[in-house]
Amino acid sequence: MTNSPQLPLYINLRRIVTSSFFKNATLVAIILNSISIACVDYRFVDENYEPRTDGSLRNTTIQKAELVFTIIFVIECLLKSIAFGFVRGKEAYLRSGWNVLDFIIVMASVVNFVPGLPNFSVVRGFRVLRPLRSISRLPNLRMIINVLVSSLGELANAMVLLLFILICFSLFGVLSWGGLFHHRCRMTPFPVRMPLNCRSIADECWDDFIFDAVTNPDAHRCLPVSNDMVWGFGPQDCIWPIDESDLRVCSDTERGLHRCFGTKSFMGGEVKITTTCGSNYDTFGNPRFVDSLEPYNSFPRMQDATFNSAMDYGLTNFNNFPSAFVTVFQIVTLEGWSAIMERVIDAWWMTPTIIAFTLLIILGGQIAINILVAVIVGALERIESEMREDASCTQRKQNDVMTNAYADQLRPEFSVVAMTIHDLVLSKAYKNVILCVVICNTIILSADHYGISPAFQLGLDTANFVMTVIFFLDMVLHCMAFGLKSYWSNASTCFDGVIVLVSVAELVTVRVDPSGTSKSSISAIRSLRLLRLFKMIKQWTSIHHLLATIVRAASEVQNFAILLIVFIFIYALIGMQLFANRLHFDEYGAHVAITDTNYENSLVPRSNFDDFGLALSTVFQVLTGENWNEVLYYCWRATSWIAPVYFISLIVQGVFCCLSLFLAILIRQFDGSDLVSSNRVSPENVCTDGKKEFESKVKPVASRWKRFTSTQTIVANLVESRRFDNALTCVIVISSITLALDNPLQNPTSTMTRMLQTLNMTFALVFIVEFCMKLLAHGIVGYCQEMWNIVDFAAVVASIMDMLNVSGGSALRLMRLFRVLRPLRMINRRPELKLVVEALLMSLPSVGNVAFVCAVFILCFAIFGVTFLKGAFYECLTSDLTLEQVNFITHPKSYAEMSNEELSWLIAPGCGVNSWNVNSIPSSKELCKCMNAEWQQTVPHNFDNIWSAFALLFEISTTEGYVDVMNAAIDQRGIDMQPVQGSNRVWAVFFISFILVGSFFLFELFVGAIVENFSRLRESRGYGLMTEAQRKWAATQAFVLKIRPERLLRRPEQMIRGRCYDLVMSGWFESFIAVIIVANSISFATLSFGDSEIISAMVENLNLLFSLIFAVEMFIKIAAFGHLYFRFGWNRFDCSIVCGIATGFLLGLFVEDPNLAASISSVVSLMRIGRLVRLVRHVKQLRAPFNTIIAVIPSILNIGALLLLLLFIYASVGVELYSMIAFHGRGLNEQRNFRSIGNAMQSLLTFSTGESWNGVLYTMLEERENCDSNPVYNEASPWCIDEKDYPNCTEINGCEAGYSVFVYFYSFTLIVSYLILNLIVGVVLEGFENSTEGDILQRSDLDHFVKTWAEYDPEASCYMKAADLQSFFARLEPPLGFGSASKVTNYMKDDCLSDIGVTENMQVHILNVASLLAKRIAKEKQGQDFGELSDSHPVKMELNRLSSMEDVTSTLSEFYFTQAGIILRAARRFRKKVHPSSPEAMA
């Protein structure tokens, strides 16, 4: 009671700091402070790029406001510390993690104002974290953070797996690909010496020097040694001129794709030269030249091979571990990876490179990242289950609100007129009329286009007036029927009313302002009328359920949106502090410092951090993944390694965590949704259907076709036989191979072509015969009932027309393409592929609904874009114009204001200057054409009409190329006006909004629909219609099925082997080996291309030492375990690694062929990296995600097989249609083309990840100069297909592709990107769910069970004597066992234990015992909720099969009863023998 006078103070302070006013005031202060930080003007910076106050009123004001905000936050901290205590006590200030964050930020801010301390920019950087404090003030946002925090452990495990994959592939890249990217085609066969009097490429004498060096290289030779020898003379003042026309990496071996064959034109064709592949480093990484800025001035001489945009300025490489790690990380993000792969293919080895990159994309880019989604989905499920009871009432209210949003059930007015109108507006006829009006309105809104005629525009305006009147009358009728209050209080009708009033306002505006200058913004809102489609089709049940799911997901995503905004806000502030005003480069791409005189005239990329708006847009661009690597290259060149750290953390936290959380929220909304549950298949029906199908198959074929004649019966028997099916499968496979070999570029008279034609005719005859046989067996109706038969029939018709040489031009060519559908018949013969296809087919209804909703939203954005951006994506090509002429075109004047000089520029014939109105202002397009300049598109996309706009937005939905389109919209200044950079930055909001709504939300619904349907397919096969307890029990039994017995390792009797056994079984031995593995990996990571001989020798000797240790480990284990060593999978893996390295080392000593030696070195490098995989069994955090990978590999292989089949089909079509197109730019080149089935499949593989697919599309549409529309093969000069064909060959110069490319690329993107690859998400979710430890049993429980079982089953036979069970149960620790003999007797009466099956050999099976012990635990934990699985459940069937239940003759209770009887009878016989006259003996 001594502190009683102070109690009121504490109580009042607590009331103050916990009041809503205090919290809201603090939140307002945080928001204002965050805005002030974002408003810092980085146009005024000092030499260290720090904002300065002199000359900037804004920065001065912000600096003063910073002191005020700091004082406010210090006072808040003090009040809370006094009210709750600082450290001590449960409610102390620092007991909360959020308060700790606040305290750190506040203290970091206070440090900046302490007199005498330097103004540390790092400390001041903590200010950007202040927006994080808003999270603690928003309860809903804290819940989202709690989801991430609760899954932090599993997220860390998944991140460790991803890091493990990145490290493995990085080390492999360092060992195999180090220094490869320095190889370029050189114009001289060896390096040449730099002249003393010509030291810069800017000198006039430089071209003369290069010309003389190329034509007479011996006179300028640097050293009298060959370029492929060791450069043992140190760095020289020499240079090796590069062929700048060839931007590809070359190979100095025969394995690489690009080897600098053929001759090149030099100096405008005056000289023909033969290029040589060479590097600035020798074979061992020794630099050949001095690292001087001469002659390039902007970058060092040693970097001349890589310092260009095509080579990412040398930043993506495998020369050392850090660079390799960043490069591999970029590949995992699936952005820019194809260019890196193409470089490795050019310089190294094609097939292994494609395999390595494909593995990295599958393991890292698909599985590992989707495991993060699975982790967050699990965390969401746990948190939702905990909050479900408390939030049930609130959820019901929200559901009622969402239901009202789609059900116009308004309370009508009770007057007679109102009731009549009410019946009218709710009648089906009225709704159909309004639906027709909405459709007509959609057509009218979509009819606008660039270059519209005045008459057509007048017709659209009239139709719009009529539509507006109809919708206005509809609004009036609804208001009369339901009353104003009810109408405007309902969300759906209120939305309709707002759109109608806006349309009426537009009509009024048009009358007030006939010029139309102020109506565009209102006209664009008319596109929202399309959303009435959702309201009018609510009787479409599936769409109605989908919309309800979207609304429910949107409400859940609100909190995530706040988190995303805070996240982008903070990273934008950090980006401004790190990179603002630093991204300035010269014409060669070198960084220009702020102190440089050319700083103001330097080049600045469009994606930068110079102000807050640009920083927000750039951070958002990185989150979308669109060309984020280029932004990284800009920042990396301008700063240091802080750039990769910034961008990697941004992607890990933003994409891998935040966006994964967003996807998890959407997936959770589809779980159990009416969208798919209405079509849910009952497992009982499936079983019944399967039984009927089985019964129908086992019936005799003759009984099925008893109505046929004997011939038909024989044919039917033959068609249905397995041999016929296998033979046909072989024909399909061989036909597919010939299809891959068939190429329009082949010599039509060659033996290969004739052989392929003969085979094609043979296959055509085979399929015709098959068609006739099936037609005879099944009849026309029966034949046409199967989809695959229809595909076969189309192929047969095409084959017949081809055989008869029917002329059909392009139509026949398309008919012949039906041959590529033959491989699809393999699906029906492979159950694994059939399962994947069934999952896709089951998803089609839901996917169709999602596609419809997405199409309507895209249409709304497309109409908006056409309204404002039609005719705006054009510019005048001003390369031949003066600066004054460019300004004249950019800012046109009226005819009366033009000077005589300006009028003299308008000289183009047909310009019609004299006919211009004196006061009218011509457009930039008119002036451009009058000045004989070219008016062209700024980007290949446009919003000129609804079709182009819709196609463009579909492409943007894949986030490919949207940055260029957004920049074009930001630069545009209206129809037919010359763009100016940054003139309309507000248009960034339009594209960011579309990405958020389209790509991040609506198009992610495809993932939710496919994942839920994939789960539904599993449920239809036995996993569905179960209670939660049954699901957990089924998961536990599936978990138990993973048990495999292990042989009991016994200590050998021999002394040496026994000591080896003791050594291996000691706890420190495995830890020592794990440390050696890590040390070996670290030694690899220290390697860098160009290391000195001492370092290389040290690392090589260390590697030999580590290899010796691993070999000794293997021999010690073999000595300890004997032949049992090879019974363990990890031991076999270790043995293969050791043997592989040893074999490679021995072969390297005797092999002299450099190509073979390089191949051996690559294999040995792979073996060395394989050692890292051993860490999986040592690092516990890797086991669960690694088990997920193992679990999903079969399903991934099935999806991969289907994807490979589709790639083959699309590649065959691409070769047939587009192989003749000439190369153009970097979009269609030597590697990315359709000139062979291999190149086509490689290109489609990159397109499947979204890599520049639309860029290639528009490249194929670009016009080619002097192209040949119908190229003909010339035997005297065949096509130039490979480098070896030069120079005696003809360049393929076919013209651009037609509009079929849109169908080709769009269909491929829809099928592969939106359907097949999204199946991987469902597969990983299932695999993670099955591989994680369950609620009933943990992995450690099963491990202990297996070890205890081995004591009773030392040979791992899966069987134990039934008589040993009691002893086994006593030794087995809880929860599966009892831990003591005293407890066994009490539990032996348990029903679960008494049901253990016993074979006639008096043995029990390990799986049967483990499953029934797990059942006992499940029944104890679940109580009355426990439910047994049916015998038809797949898990139960698999358990019965593996535990050999058919061999069971009795149960454990019967066994004990029998054994007890035997004992009693034996006792009686003994007593009868000892005491023959006793009563017991007589009994």
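Residues numbered from 1 in each chain as written. Predicted model: local features only at pLDDT ≥ 70, side-chain atom pairs only at ≥ 80, totals over all residues. Heavy atoms only, no water.

## So, the pattern of salt bridges
Then step 1. Taken as a whole and judged by the stated rule, the model has 19 salt bridges.
Then step 2. A salt bridge links Asp-41 to Arg-43; the shortest N-O distance between them is 2.8 Å.
Then step 3. Residue class for Arg-43 comes out exposed when judged on its relative accessible area of 62%.
Then step 4. The shortest N-O distance in the salt bridge between Arg-1051 and Asp-1062 comes to 2.7 Å. Of the two residues, Arg-1051 sits in the loop between α41 (1028–1040) and α42 (1055–1065) while Asp-1062 sits in helix α42, which places them 11 residues apart along the sequence.
Then step 5. Among the residues examined, Arg-1051 registers a relative accessible area of 44% and is labelled partly exposed. (Salt bridge = Lys/Arg side-chain N within 4 Å of Asp/Glu carboxyl O. Buried < 20%, exposed > 50% of the residue type's maximum accessible area, 1.4 Å probe, protein only. Helix = DSSP H or I, 4+ residues; strand = E, 2+ residues; numbered from the N terminus.)

## Let's talk about the nonpolar core
When a protein is soluble and globular, its nonpolar side chains tend to lie buried together.
Then step 1. Grouped together as the largest cluster of nonpolar side chains are 246 residues, with contacts concentrated most on Phe-647, Phe-943, Phe-991, Met-1260 and Phe-1305.
Then step 2. Top element by residues in this core is helix α50 (residues 1300–1331). It accounts for 18 residues.
Then step 3. With 35 residues, the next largest nonpolar core counts Ala-1362, Leu-1393, Ile-1396 and Val-1398 among its residues. (Core = buried A, V, L, I, M, F, W, Y, C linked by side-chain atoms within 4.5 Å.)

## Quick word on the state of the cysteines
Then step 1. Within the structure shown, the criterion is met by eight disulfides.
Then step 2. Cys-911 shares a disulfide with Cys-930; S-S distance 1.7 Å. The sign of the S-S torsion, about 95°, decides the handedness of the disulfide formed by Cys-911 and Cys-930: right-handed. With Cys-911 in the loop between α35 (900–904) and α36 (924–930) and Cys-930 in helix α36, the pair connects residues that are 19 residues apart, well separated along the chain. Across the pair, Cys-930 and Cys-911 agree in class, each one buried.
Then step 3. Each sulfur of the disulfide joining Cys-1280 and Cys-1289 lies 1.9 Å from the other. Residues Cys-1280 and Cys-1289 share a disulfide whose torsion about the S-S bond is about 100°; that sign makes it right-handed. By the burial criterion, Cys-1280 is buried, and Cys-1289 matches it. (Disulfide = S-S within 2.5 Å.)

## What to know about helix α34 (residues 883–890)
Then step 1. The set of residues buried in α34 consists of Gln-885, Val-886, Phe-888, Ile-889 and Thr-890.
Then step 2. Against the buried residues of α34 lie β7 (874–877), α35 and α36. (Contact = heavy atoms within 4.5 Å.)

## Overview of unusual backbone geometry
Then step 1. Following Glu-294, the chain continues to Pro-295 via a peptide bond in cis, the omega torsion being 5°.
Then step 2. Along the polypeptide, Pro-295 turns up in the loop between β6 (276–278) and α10 (321–332).
Then step 3. Its identity as a non-glycine residue notwithstanding, Asn-1266 has a phi of 55°, on the positive side.
Then step 4. By the secondary structure assignment, Asn-1266 is in the loop between α49 (1253–1261) and α50.

## Quick look at the packing of helix α29 (residues 722–741) against helix α30 (residues 751–784)
Then step 1. Running from N to C, α29 and α30 cross one another at 145°; their axes reach a closest spacing of 10 Å. Between α29 and α30 the crossing geometry is left-handed. Packed against α29, whose contacting residues are Phe-724, Leu-728, Val-731, Ile-732, Ile-734, Ser-735, Thr-738 and Leu-741, the element α30 presents Leu-756, Leu-759, Phe-763, Val-766, Phe-767, Glu-770 and Met-773 at the interface.
Then step 2. Its residues placed into classes, the contact of α29 with α30 shows 12 nonpolar, two polar and one charged. (Axes fitted to C-alpha atoms, helices over the stretch in contact; angles between N-to-C directions. Left-handed = near helix turned anticlockwise from the far one by under 90°. Nonpolar A, V, L, I, M, F, W, Y, C, P; charged D, E, K, R; others polar.)

So yeah, pure geometry; function would need other evidence.
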